[in-house]
Amino acid sequence: MIKVAVLGYGTVGSGVVEVIERNNAQVSKKACDEMHVKYILDLRDFPGDPYEDRVVHDFNVIVEDPEISIVCEVMGGVGAAYQFTKACLEKGKSVCTSNKELVAKHGPELLALAKANNCNYLFEASVGGGIPIIRPLNSALTAEKIEAIFGIVNGTTNYMLTKMEREGADYKEVLKQAQALGYAEANPTADVEGHDACRKLAILLSLVTGKNVSSEDIRTEGITTVSAADFAYAKAANMTIKLLATGKVREDDSLEALVAPFMVSKDHPLAMINDVFNGVFVTGNMLGDALFYGRGAGKLPTASAVVADVVDCARHPGKTVTCFWDAEPATLADMGEATRRYFLRAKEEAKKAVEDAFGQAGTVLDESIEGEFGYMTAPMQERDFMAAYKGLGDRVLNYIRLL
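I will try to describe carefully the structure that is included in this document. (Residues numbered from 1 in each chain as written. Predicted model: local features only at pLDDT ≥ 70, side-chain atom pairs only at ≥ 80, totals over all residues. Heavy atoms only, no water.)

**Things to note about the sheet that holds strand S1 (residues 2–7)**
Across the sheet, which stays open at both edges, the six strands sit in the order S3-S2-S1-S4-S5-S6 with parallel pairing between neighbours. At either margin of the open sheet sits one strand with a lone partner, and together these are strand S3 (55–56) and strand S6 (121–122). When S1 meets strand S4 (residues 68–73), the two strands line up parallel, connected through five bridges. Within S4, the position partnered with Val6 by the bridge is Cys72. Relative to strand S2 (residues 35–41), helix H1 (residues 11–22) is tilted by about 160 degrees, and along the sheet it contacts S1, S2 and S4. (Pairing = 2+ DSSP bridges. Helix = DSSP H or I, 4+ residues; strand = E, 2+ residues; numbered from the N terminus. Contact = heavy atoms within 4.5 Å. Axes fitted to C-alpha atoms, helices over the stretch in contact; angles between N-to-C directions.)

Structure, rendered in C-alpha cells:
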C-alpha cells in the first residue's frame, strides 16, 4: 500500500484527497498498488469532515513516519512549505506540489535534493492547473529544440479581460465581479500585476533551457491600465487583448522573456481562449506549433495534476524522474532590442506629434472616442518605442504590444 500525506487542507488540498478517494480504483490501478491518504496536515480542525480523523497538526508526525513515501505540498508560500519540502526530500520522501512560487524560487535546489535522496520533486500542477505542460516539456518534447513558448497562464486575468471585451466594462468593474465570484483574491496584486504569470513563465523557460530563469529578472506588466477604450480599438482592428507570458530563444541562446498585455489577432488560437481557461503555445524546430489548453486553475483540475504526479512517484519507487533544470543562470536578452509593433492611445491634439514621433508608416485608428485616437506603429525596437512614447508625456494615454 502507498501511503500519502497532504500538507494543507485548503482548496487544492481537499481536492487532492477527493481525487484520491473518489477515483481510488483508477488511481491505485495506475500506481500499481493501493493508494491511501494517511495524514492531512493543517493548523485547523475540521469537525464533521469525512476525513477529520486523518488531520494532524504536527509536521513531525509525517516526516518521521516511515510508511509515508509521498507527500503532497499544497500549502502555498515559501516559508513553512519550503522547510517541510526540504525535510521530506532529505528523508527520501517524494514531494508533489502545486506551489509555483516555491518551484520558481527554489526549483533547482529541491530537484537536486530529490536526486541526492533517490526520490522525486514533481510540480505538474504549478503551471496551468490541470493542463499537462510540465511533463510534455520534460519528456514528450525532449527531441525538440524549443524556439518559443508563450501563452495565457492566469485564469483570473483572462476572465477579467474576457468580461471587459464582451461587456465593454472597465477594469475596476470586472475586478469587483471576479472577487465576488471567488476568481480574484481580496488582494489581487499577484494576479493583476502579472506576478503569478511571471513565476509560471520562469518555470517553463527553466525547463526549456535546462538553466535557471529567475522570475525576478523577467520584465512584468499587469492589466491594471487596460481599459474599455483599448478593447474598442482592438475590436476595430479585429483583435483582442490577452495577458501573455512570452519567451523566445534567440540564435545566441539568450532568452527574450516578458509578461504583459498583448493585442492578439482574432485569427490566432490564443484569441479563442476565454474566461478562466488557460492555453500554452509551444513552438519546436521540428514539431512546429502545439497548443496545450484546458482549465488553468480550480480545485479539482489542479488536484488532478497533483495526483498524476503522485502516481508517477508511485511507479518509480527509489528512482528519480530526470528533470533538466540546473542552478546555472540562463542569459536573458535585453528586451530593448526586441522588435514588434505597438498600439497606443493619445489625445486628439497629439496626432501630428505621434506621427512625427513614430513615422508615417503607422496606422491611425479613429473609433469616435471623444478627445482621443488610436495608433499602431510599424515594427520597431522596444527601446525606440519607449523613448518616443515617454517623450510625448501626458499626451499619450496607454500602450499595448502587438503579438
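**As for the pairing of strand S9 (residues 239–249)**
Here S9 lies mainly inside the structure; 10 of its 11 residues are buried. Note that strand S7 (residues 146–152) and S9 share four bridges and pair antiparallel. Bridged to Ala148 within S9 is Lys248. By the bridge criterion, 11 bridges tie S9 to strand S10 (residues 255–265) in an arrangement that is antiparallel. Counted as the bridge partner of Lys248 is Glu256 from S10. Where S9 folds back onto S10 in an antiparallel hairpin, the turn is made up of five residues, including Asp253, whose phi is positive at roughly 70 degrees. (Buried < 20%, exposed > 50% of the residue type's maximum accessible area, 1.4 Å probe, protein only.)

**What to know about the environment of Leu110**
Tracing the backbone shows Leu110 in helix H5 (residues 100–116). In this structure Leu110 comes out as buried when scored by relative accessible area, which is 0%. Separated by 30 residues in sequence, Leu110 and Ala140 place their C-alpha atoms 23 Å apart. When near neighbours in sequence (up to four residues on either side) are disregarded, Leu110 contacts Tyr82, Thr85, Lys86, Leu89, Leu102 and Tyr121.

**Some points on the packing of aromatic side chains**
Counting across every chain of the model gives 14 aromatic pairs. Relative to Phe281, the ring of Phe150 lies with its centre 5.3 Å away and its plane at 40 degrees, an arrangement referred to as tilted. Residue Phe150 is located in strand S7, and its partner Phe281 is located in strand S11 (residues 277–284); the two are separated by 131 residues in the primary sequence. Of the two residues examined, Phe150 and Phe281, each falls in the buried class. An angle of 35 degrees between the planes, with centres 6.1 Å apart, marks the rings of Phe358 and Tyr375 as tilted. Taken together, the residues Phe358 in helix H13 (residues 351–358) and Tyr375 in strand S16 (residues 372–376) connect sequence positions 17 residues apart. Residue classification places Tyr375 among the buried residues on the basis of a relative accessible area of 1%. A network of ring pairs unites the aromatic residues Tyr342, Phe358, Tyr375, Phe385, Tyr389 and Tyr399 as a single cluster. When the ring centre of Phe373 is taken as origin, the NZ or CZ atom of Lys351, which lies over that ring, is 5.3 Å away. (Phe/Tyr/Trp six-rings, centres within 6.5 Å; stacked < 30°, edge-to-face > 60°. Lys NZ or Arg CZ within 6 Å of the ring centre and 35° of its normal.)

**Topic: the packing of helix H7 (residues 155–167) against helix H8 (residues 171–180)**
As a packed pair, H7 and H8 sit with axes 9 Å apart at the nearest point and diverge in direction by 125 degrees. When the axis of H7 is compared with that of H8, the two are oblique. For the pair H7 and H8, the crossing hand works out as right-handed. Of the residues in H8, those in contact with Tyr159, Met160, Lys163, Met164 and Glu167 of H7 are Tyr171, Val174, Leu175, Gln177 and Ala178. (Parallel < 35°, antiparallel > 145°, perpendicular 65-115°, else oblique. Left-handed = near helix turned anticlockwise from the far one by under 90°.)

**Description of the pattern of salt bridges**
Taken as a whole, this structure holds 31 salt bridges when the rule is applied. Between Asp312 and Arg135 there is a salt bridge; the shortest N-O distance is 3.4 Å. Here Asp312 is found in helix H12 (residues 299–315), whereas its partner Arg135 is found in helix H6 (residues 134–140), with 177 residues between them in sequence. For Arg135, a relative accessible area of 28% translates into the label partly exposed. Here Glu348 and Lys351 are joined by a salt bridge, their closest N and O atoms 3.5 Å apart. You can call Glu348 partly exposed: its relative accessible area is 35%. (Salt bridge = Lys/Arg side-chain N within 4 Å of Asp/Glu carboxyl O.)

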